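Residue-level listing of the chains:
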Amino acid sequence: MSVAGFKKQFHKASQLLSEKISGAEGTKLDEDFTEMERKIDVTNKSVFELLSKTTEYLQPNPASRAKLGMLNTMSKIRGQVKTTGYPQTEGLLGDCMLRYGRELGEESAFGSALVDIGEAMKQMAEVKDSLDINVKQNFIDPLQTLQDKDLKEIGHHLKKLEGRRLDFDYKKKRQGKIPDEEIRQAVEKFEESKELAERSMFNFLENDVEQVSQLSALVEAALEYHRLSLEILEELNSTLQNRISTASSRPKKEFKPKSIMSSLETLNSTQHNGVSYSSSIKSTESEMHMDQPCCRALYDFEPENEGELGFKEGDLIILTNQIDENWYEGMINGESGFFPINYVEVLVALPQ
């Protein structure tokens, strides 16, 4: 820094100190300027909050957001282009219904209804994904640009104005001790910065219809999401009403209990014919070298996102890394991925 620059910084620091400690009053700007500055400050805060709250609106589960961020970060580290999508609650509920509906089978009215609703929920999850993309492109991204570019530029002008105001006030108080030329230059620079800051704030506030357009894009995206969801639910409701009518008109089956004695007689006759049936349950456990970090699965884990490792209850998994307090990274049958810590029991712990 040059000597002149160092002196200017010293002047500004001295003036700021005298205003903060001694209560010295600096040059006041006009009311119009102050009001514009207040509106810019409110706009800045509102944009910051809107970016955060809109993300929460689209992705309400904080744990899923954190997990999604971790998985996408790991994908970038590994050089993977594809990122993992947010697990929509409609999709999770749909998967659950489809799984049990298919287990019950088509002959079950309850099972068939579960499949119908599960498929509808999966469709709604896709519609919700479209809402996420639409809002991000037409609302979040423009707001982010507004914050990173326009508001940041205005903030730069205001910061520079404040610095030149401090320099001017310092020299004004010492009029007679400081050459008039220096004071004149300080006034000119102060005026120049004020005009730049005032013009940038004025232009921004005069064109705030752009922000109204972005809000309109948010509302239109939400409207489209609810419209498509309504169509899916109305069609689903019609299907369920038809199933109810069909099930109600179907003739009821009569319950015919089977005698235990007749079952035993049938069993004995088959044994007498030289045929015997036996059932055995074999439990096998994969052999594994216990001199390396590993764990045993306590429950089945179905992967929901790219990068997760699926396994069944009782499987033995090699531990390779602990991502955080909730997730391990491991390997089974040559495949590696992430899985929740509370789904496994550690047999050999990772080295500290």
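Predicted model, so just to flag it, every value in this text is computed and none were measured.

Draft legend 1. How the structure looks around the pattern of salt bridges. This model, assessed by the stated rule, comprises 19 salt bridges. With a shortest N-O distance of 3.4 Å, aspartate 41 and lysine 45 are connected by a salt bridge. On the criterion of helical spacing, the pair formed by aspartate 41 and lysine 45 is a turn pair, its members being four residues apart in helix H2 (residues 31-58). Notably, a salt bridge pairs arginine 227 with glutamate 231, separated by 2.8 Å at the nearest N-O pair. Taken as a pair, arginine 227 and glutamate 231 lie in helix H7 (residues 209-249) at a separation of four residues, close to a single helical turn. Note on arginine 227: relative accessible area 38%, which makes it partly exposed. What emerges from the salt-bridge pattern is a single network uniting Glu162, Arg165, Asp169 and Lys172.

Draft legend 2. Main features of the pairing of strand S3 (residues 327-332). Most of S3 is tucked away, with five of its six residues classed as buried. Here four bridges tie strand S2 (residues 316-322) to S3, and the two strands are oriented antiparallel to one another. Directly across from asparagine 321, in S3, lies its bridge partner glutamate 329. Where S2 folds back on S3, the antiparallel hairpin that results is connected by four residues. Turn length for the S3-strand S4 (residues 335-340) hairpin, with the two strands adjacent in sequence and antiparallel, is two residues, and the turn residue asparagine 333 shows positive phi of about 55°.

Draft legend 3. Here's a closer look at the side chain of serine 112. Turning to its location among the elements, serine 112 is positioned in helix H5 (residues 109-173). Residues in contact with serine 112, not counting those within four places in the same chain, are Gly105, Glu106 and Arg243.

Draft legend 4. Layout of the environment of glutamate 192. On the secondary structure map, glutamate 192 appears in helix H6 (residues 180-206). Note on glutamate 192: relative accessible area 43%, which makes it partly exposed. Taking the C-alpha atoms as reference points, glutamate 192 and arginine 164, separated by 28 residues in sequence, lie 9.5 Å from one another.

Draft legend 5. Examining H6 more closely. The terminal C-alpha atoms of H6, which comprises 27 residues, lie 38 Å apart, in line with the 39 Å expected from a rise of 1.5 Å per residue. Taken as a whole, H6 has its buried residues at Ile183, Ala186, Phe190, Ser193, Lys194, Ala197, Ser200, Met201, Phe204 and Leu205. Its buried side turned inward, H6 meets H2, H5 and H7.

Draft legend 6. A look at the packing of H5 against H7. It is at 9 Å that the axes of H5 and H7 come closest, and there the two elements cross at 175°. The angle between H5 and H7 places the two elements in the roughly antiparallel class. Here the contact of H5 with H7 is built from residues that sort into 22 nonpolar, eight polar and three charged.

Draft legend 7. Focus on helix H4 (residues 89-104). Compared with the 22 Å implied by 1.5 Å per residue over 16 residues, the 23 Å span of H4 between its first and last C-alpha is a close match. Among the residues of H4, Glu90, Gly91, Gly94, Met97, Leu98 and Gly101 are the ones counted as buried. Taken down its axis, H4 places every buried residue within 125° of arc, on the same side. More than 90 degrees from the buried face of H4, the exposed residues found are Thr89 and Glu103. Glycine 105 occupies a position one or two residues after H4 and carries a positive phi of about 95°.

Rules of the game
- Residues numbered from 1 in each chain as written.
- Predicted model: local features only at pLDDT ≥ 70, side-chain atom pairs only at ≥ 80, totals over all residues.
- Heavy atoms only, no water.
- Salt bridge = Lys/Arg side-chain N within 4 Å of Asp/Glu carboxyl O.
- Helix = DSSP H or I, 4+ residues; strand = E, 2+ residues; numbered from the N terminus.
- Buried < 20%, exposed > 50% of the residue type's maximum accessible area, 1.4 Å probe, protein only.
- Pairing = 2+ DSSP bridges.
- Contact = heavy atoms within 4.5 Å.
- Expected span 1.5 Å × (residues − 1).
- Axes fitted to C-alpha atoms, helices over the stretch in contact; angles between N-to-C directions.
- Parallel < 35°, antiparallel > 145°, perpendicular 65-115°, else oblique.
- Nonpolar A, V, L, I, M, F, W, Y, C, P; charged D, E, K, R; others polar.
- Arc of directions from axis to C-beta.

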